[in-house]
Amino acid sequence: MVRFLAAMVAVWMSGAVPSHAGCGDVEAACTVDLGTYHARVPEGPIQGAILYLHGFGGNGEGALRPKGWVNTALDRGYVLIAPDGLPYAAGRVRG
């Protein structure tokens, strides 16, 4: 999974694919073979990327919800990528 995410970031940063390729609304999850992720792209030139790996049970949408750090990173030209985690197993409780 880590190799896949590293390759995804490398391809995205190279400009080989357009931002949000295959995605509709920027708020919706983007789908790839191994799962889904959420992304935000700055309006100006891209300076780099931040791959946000949230904790167990989290999701990419929630990771990109805090507007303070998200807006700061976007204003500085960073692409934000947050993959969705695996869902909790049936019968497991959070805690």
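In case you missed it, the structure is sitting above this.
For the structure given in this document, a descriptive report is provided here. (Residues numbered from 1 in each chain as written. Predicted model: local features only at pLDDT ≥ 70, side-chain atom pairs only at ≥ 80, totals over all residues. Heavy atoms only, no water.)

## Comments concerning the environment of C30
Right, so step 1: Tracing the backbone through its elements, the reader meets C30 in strand β1 (residues 30-32).
Right, so step 2: Measuring from C-alpha to C-alpha, the distance between C30 and P83 comes to 9.1 Å, with 53 residues separating the pair along the chain. (Helix = DSSP H or I, 4+ residues; strand = E, 2+ residues; numbered from the N terminus.)

## Focus: the nonpolar core
Right, so step 1: Grouped together as the largest cluster of nonpolar side chains are seven residues: A63, L64, V70, A73, L74, L80 and A82.
Right, so step 2: Broken down by secondary-structure element, the contributors of at least two residues to this core are α3 (67-75) and β4 (78-83).
Right, so step 3: The element best represented in this core is α3, accounting for three residues.
Right, so step 4: Those residues in contact with V70 that sit more than four places away from it in its chain are L64 and L80.
Right, so step 5: Residues C30, Y37, A39 and V79 belong to the second largest nonpolar core, which totals five residues. (Core = buried A, V, L, I, M, F, W, Y, C linked by side-chain atoms within 4.5 Å. Buried < 20%, exposed > 50% of the residue type's maximum accessible area, 1.4 Å probe, protein only. Contact = heavy atoms within 4.5 Å.)

## Concerning the sheet that holds strand β3 (residues 48-51)
Right, so step 1: The four strands lie next to each other as β1-β2-β4-β3, forming an open sheet whose pairing is mixed. Only two strands of the sheet have a single partner each, and these edge strands are β1 and β3. Looking at each pair of strands side by side, their axes are set apart by 30° on average, direction ignored.
Right, so step 2: Pairing analysis gives four bridges linking strand β2 (residues 35-40) to β4, with the strands arranged antiparallel. Considered in β4, the bridge of R40 is made with L80.
Right, so step 3: Taken strand by strand, α3 contacts β2, β3 and β4, and its axis lies near 135° from that of β4. (Pairing = 2+ DSSP bridges. Axes fitted to C-alpha atoms, helices over the stretch in contact; angles between N-to-C directions.)

## Considering the side chain of H38
Right, so step 1: Relative to the elements of secondary structure, H38 occurs in strand β2.
Right, so step 2: Since its relative accessible area comes to 5%, H38 is described here as buried.
Right, so step 3: Only 3.5 Å separates the side chain of H38 from the side chain of D84, close enough to count as a polar contact. (Polar contact = N/O pair within 3.5 Å; in protein donor to acceptor, adjacent residues only side chain to side chain.)

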